[in-house]
Amino acid sequence: MKGKNALITGAARGLGKEMALVLAKEGCNIIINDIEAMKEEALKTVEEIKKAGVNSEFIAADVSDFESCKKMAEEIKGKFEKVDILVNNAGITKDRTLKKMVPDEWYPVINVNLNSLFNVTRNVLEIIPDGGRVINISSVAGISGNFGQTNYAATKAGVIGFTKSLAKEVGKRKITVNAVAPGFIKSAMTDKIPVEMLANVLELIPLKEIGQPEDVANAVKFLASDDAKYISGMVVRVDGGITF
Ligand code: NAD
């Protein structure tokens, strides 16, 4: 993957950062996207990535905003010319049972997790060359649903529909489009789960442990590689077997 350019959204920290570090080790130049408020953390991530000997830059943009993504795509075109690998990773949760959920918990989650796929991919597609890769981060919640996550699960199921449809549209250009659906992965998101609830979750996971960020990043690396050139429209579950 030496010399390829990868854009990862929401990559200042968490799973996106891990994906960035893993792809950098493969020789990819990395464009870190995140919101302006994450600038400090994003710049630290960029410095860590550069240690792998690749080019890296932080480009701030709000993926829930079409114009912001348009500006980001123009900036990338000027500085990097093309995006060989696009990872739509940015995501948020605002959990509440539907009975109590308010519009301020519904709409932002739809905007950041789902409308972002249109905003980013629509603007970046023209600089993805033939043979490129689009990898969208879904979740097992989008496959099985999850208590208190009607908003989040709806977006993550939407990510899968988007992935399969775009795979059909861009296949003729040898661009593959796949989704990765993580289960419970050690992260800021899962650190919020109360200890007793986590014990119950571990019982349900055949591998009896929570996943690590590199487990997700390694699946992304495979889908981004030439080894996965004949795989498109798929959802790769990285969940210790919790949903099969
Ligand atoms: P995280 O909160 O650590 O990282 C998400 C990043 O997205 C943050 O840096 C945040 O600033 C950024 N972001 C938020 N809104 C944004 C916006 N409008 N524009 C640009 N960037 C924005 O979360 P994470 O655990 O690393 O999750 C990454 C992805 O993986 C998400 O899509 C999440 O839904 C998915 N996922 C995570 C888990 C898990 O267990 N952690 C499980 C399944 C799916």
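So, how was this worked out
- Residues numbered from 1 in each chain as written.
- Predicted model: local features only at pLDDT ≥ 70, side-chain atom pairs only at ≥ 80, totals over all residues.
- Heavy atoms only, no water.
- Salt bridge = Lys/Arg side-chain N within 4 Å of Asp/Glu carboxyl O.
- Near = heavy atom within 4 Å.
- Polar contact = N/O pair within 3.5 Å; in protein donor to acceptor, adjacent residues only side chain to side chain.
- Areas by Shrake-Rupley, 256 points an atom, 1.4 Å probe, with all protein chains shown as cover.
- 1 Å grid on protein atoms, 1.4 Å probe; cavity = no way out; pocket = protein on both sides within 12 Å on 5 of 7 lines; lining within 4 Å.
- Sits in = over half its atoms within 2 Å of the grid points.
- Helix = DSSP H or I, 4+ residues; strand = E, 2+ residues; numbered from the N terminus.
- Nonpolar A, V, L, I, M, F, W, Y, C, P; charged D, E, K, R; others polar.
- Buried < 20%, exposed > 50% of the residue type's maximum accessible area, 1.4 Å probe, protein only.
- Pairing = 2+ DSSP bridges.
- Right-handed = clockwise from strand over helix to strand, strands pointing away.
- Axes fitted to C-alpha atoms, helices over the stretch in contact; angles between N-to-C directions.
- Contact = heavy atoms within 4.5 Å.

Colleague: So, the pattern of salt bridges: which residues are in play, and what are the values?
Modeller: Scanning the entire structure with this criterion turns up 11 salt bridges. Each member of the salt-bridge network shares a partner with another, and the members are E57, E75 and K79.

Colleague: Got a sec to walk through the site of the ligand? Specific residues and values, please.
Modeller: As a matter of local geometry, the ligand sits amid 27 residues, with R13, D34, N89, Y152 and S187 nearest to it. The separation between a nitrogen atom of the ligand and a polar side-chain atom of S187 is 2.7 Å. Considered on its own, the ligand offers 830 Å² of accessible surface; in the complex 94% of this is hidden by protein. The site holding the ligand turns out to be the largest pocket. Within the residue set of the shell around the ligand, elements represented by two or more residues are α1 (14-25), β2 (29-34), α6 (150-170) and α7 (188-191). Classifying every residue of the shell around the ligand gives 13 nonpolar, 10 polar and four charged.

Colleague: Account for the pairing of β2, naming residues and giving values.
Modeller: With six of six residues buried, β2 lies mostly within the body of the structure. Burial along β2 is two-sided: the face carrying N29, I31 and N33 and the face carrying I30, I32 and D34 are both buried. Sheet topology places strand β1 (residues 5-8) next to β2; four bridges connect them, and they run parallel. Within β2, the position partnered with A6 by the bridge is I30. Traced from β1 through α1 to β2, the parallel crossover comes out right-handed. Once the chain exits β2 it traverses helix α2 (residues 39-50) before rejoining the sheet at strand β3 (residues 56-60), and the crossover so formed is right-handed.

Colleague: Help me get a handle on the sheet that holds β2, residues and values and all.
Modeller: An order of β3-β2-β1-β4-β5-β6-β7 is seen for the seven strands of this open sheet, with the pairing classed as parallel. Each having just a single partner strand, β3 and β7 (235-238) make up the two edges of the open sheet. This sheet shows a mean twist of 20° between the axes of neighbouring strands, independent of strand direction. Most of the contacts of α1 go to β1, to which it runs at about 175°, and overall it touches β1, β2, β4 (85-88), β5 (133-137) and β6 (176-182). Against the sheet, helix α4 (residues 103-124) makes contact with β1, β4 and β5, and its axis sits at roughly 170° relative to β4, the strand it touches most.

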